[in-house]
Each structure stands twice: as C-alpha cells, then as structure tokens.
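Working through the structure, step by step
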Amino acid sequence: MANDDNVDHLKTVKRLSNILKTIPNLQSISIIQHDEPLILEGQHLAISKKTFKELGLFSRQTFLKFIKKESSPSRDSTLDELSTVLIVLNPDDNTYWNYRKRLCQKCSKNQTDKLFLELKLSSCSLKLKPKCSEPFIHARWLLTNYREIVSEQTIFSQLKMCEDSAEHYKHNYYSWIHRLWVLKTFPNTKLLEKELEWSKGWVESHISQFCGMNYRFNLLLISSAHQNLDSNVQKCQKFVDEVSYVVDLVLFYPGTESLWCYLGLLLYYCSANQIECEESALFRVRAIDNRFSRRFQKRNFNPEIA
C-alpha cells in the first residue's frame, strides 16, 4: 500500500512540476478542500489540502534520499522535479533554492530560457507565501550571475512579481526592497520615469500604506542621482513638486497618518538640503489642520524653516 502511495505521489510531483514549468503567467496557487490532488483552470492552480500536506512530506523525504545517491540522469531528473515542487510548497527552506543554484551553475550563462524558467519559479513560489525572502534572494542571485543576458522584459517581469506579492501581503518589505534593488542595479531613465508614474497610482490606491510612499521617496533619490542633473534647481524642483502633490493628498485624506509621515519625511529632507518649498502648499495644510506643527515637532522638525 505504501509503495502504491509513493507511486501516486511521484506522478503528482511530475505533473505539478510540469505545470509550474510550462504554464505561462500562472496567476494563482491556492489550497482547497477537494478530492482531486491538482486542479488547473486556465492560469489558476489549486492543490487539495490532503495533497499539500502529504506531498510536502513525501517530496522532502525523497529529496533527502536522492541527494545522497550518485549522479545519474534518472536521479538528476527526479531531484529537478522535487526541488521545483518543494520551492513552491515550502519556499522558506533554502536547501532547495541552493540546489536550484547548483543546477544553474552547470548550465551556460547564455541560456536565456534557463534564466526565465528560474525567475518564473521564483514568482510561482510567492503565490502561496508572498512574504518570503528566499524567492527574492534567488532572483537577485540569478540577475547578478546572468547580468549579461538580462533584458528589459526580464526587468518588467521582476517589477510585476514585486507588485503581485505586495498586493497579496500588506507591508511586504521584501518585495519593496527587491523592487528598489532591481532599479538600482539596472538603472534606466525611461524606466525610472515610468516607475514614478506607477508609484503615484499605487500611493493613491493604497493611501494608508506607507511602504509605497517610502518607495516613491527612494525613487526620487535614485532618479535624481541617475540623471546627473547639473542644475540643482532641477533636482530641487522634483521634491518641491512632490511636496505639493502630497499636500493635495493630505487635504483630501486629512486623517491618514501615512500621508503625514510621508509629508514629514519630505519636509525634513528639503530642510536638510536647503530646498525651499512653496509656502502656499504649507499654508493649505495649516489651514485644514492646526495640529500640523505639533505632529512634526514630535519628530524634532520645525515646519517654519522648511
């Protein structure tokens, strides 16, 4: 009976591994109560609770058993399938990620399809556990080691992966850190401008989340440094405009703490760098909320000198 179960589990491993590798743009992976082990509807995959539990244990035990064997085509193929499944079922364990790295090191660095596959698996592993650091660490390792063949499409796929994981889990700092790393590592003026526009939409639709605002602030810093603006006026204008933009948001959402924190960050930066903000913008804030001065005095900041 146990051998029959093992055979069934191996078949499920092969099928799941094939789905993860071949289905383009897999939208979701969910755990449900169902008799069928795997259910694939379009780009949405469901795993039964029983299969998720049993397959995770079986795959781990089998992986540890096979890893000790001498290398052979059959052994290597099975380990490839098992590690593919395990990084999705248990993405926190870096044992399987390290094995995927060793597989990559055996391949030529010119194999674009290998890079795309590994990045795709990293993205799939975030479907069940969006706040997990290992998939992002693996992606950065891949982008660093395959830097010569990283394309614009690859970068956009990474930004999409970060956006999806941030949507699925609030305050997902792993996602935001990775997104910033990608832009710093592969700077592009047009891409930075697109990101500034995208981040504006994110901030406006996630008004209570400071993470997106902090990301936008770092984007402004990266953009200013990358463009090598000779004129300090041009650099300052970016932050002056940002202060006016945030003030408009504060007036529309006066009770949102994250906006006040972001405004405080901007004003502190402007004050520290001797950037003069528009007095009219600050006047509008003071007019709607007399607590403005007290809020920033707690942060050792005097808005009168901004």
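Because the structure is predicted, anything quoted here is derived from the model rather than measured.

Some points on the pattern of salt bridges
Using the criterion set out here, one finds eleven salt bridges in the structure. K238 serves as the salt-bridge partner of E193, at 3.8 Å between the closest nitrogen and oxygen. Linking E193 in helix 9 (residues 189-205) with K238 in helix 11 (residues 232-252), this pair joins segments that are 45 residues apart in sequence. One continuous salt-bridge network, built from bridges that share partners, spans K21, D80, R100, K114 and E118.

Let's talk about the layout of surface pockets
Considering only enclosed or pocket space, the largest pocket measures out at about 510 Å³ in volume. Lining the largest pocket are 17 residues; nearest its centre among them are N25, L119, K120, S123 and S157. Those elements giving two or more residues to the lining of the largest pocket turn out to be helix 5 (112-125) and helix 7 (152-168). Element by element, the count of residues in the lining of the largest pocket is highest for helix 7, at seven residues. In this structure, the second largest pocket spans a volume of roughly 290 Å³. Around the second largest pocket, the lining is made up of 14 residues, and of these H9, P37, K50, T51 and E54 lie nearest the centre. Secondary-structure elements contributing two or more residues to the lining of the second largest pocket are helix 1 (2-22) and helix 2 (49-66). When residues of the lining of the second largest pocket are assigned to their parent elements, the largest contribution, five residues, is made by helix 1. Residue composition of the lining of the second largest pocket, by class: two nonpolar, six polar and six charged.

What to know about the sheet that holds strand 1 (residues 28-32)
Pairing within the open sheet is mixed, and its three strands lie in the order 1-3-2. With partners counted over all chains shown, the strands left at the sheet margins are strand 1 and strand 2 (38-41), one partner each. Shown here is a sheet whose adjacent strand axes are inclined to one another by a mean of 20°, direction ignored. Pairing analysis gives four bridges linking strand 2 to strand 3 (residues 44-48), with the strands arranged antiparallel. Paired with I39 across the bridge in strand 3 is A46.

Conventions adopted
- Residues numbered from 1 in each chain as written.
- Predicted model: local features only at pLDDT ≥ 70, side-chain atom pairs only at ≥ 80, totals over all residues.
- Heavy atoms only, no water.
- Salt bridge = Lys/Arg side-chain N within 4 Å of Asp/Glu carboxyl O.
- Helix = DSSP H or I, 4+ residues; strand = E, 2+ residues; numbered from the N terminus.
- 1 Å grid on protein atoms, 1.4 Å probe; cavity = no way out; pocket = protein on both sides within 12 Å on 5 of 7 lines; lining within 4 Å.
- Points joined across faces, edges and corners; volume = space filled by probe spheres on them.
- Nonpolar A, V, L, I, M, F, W, Y, C, P; charged D, E, K, R; others polar.
- Pairing = 2+ DSSP bridges.
- Axes fitted to C-alpha atoms, helices over the stretch in contact; angles between N-to-C directions.

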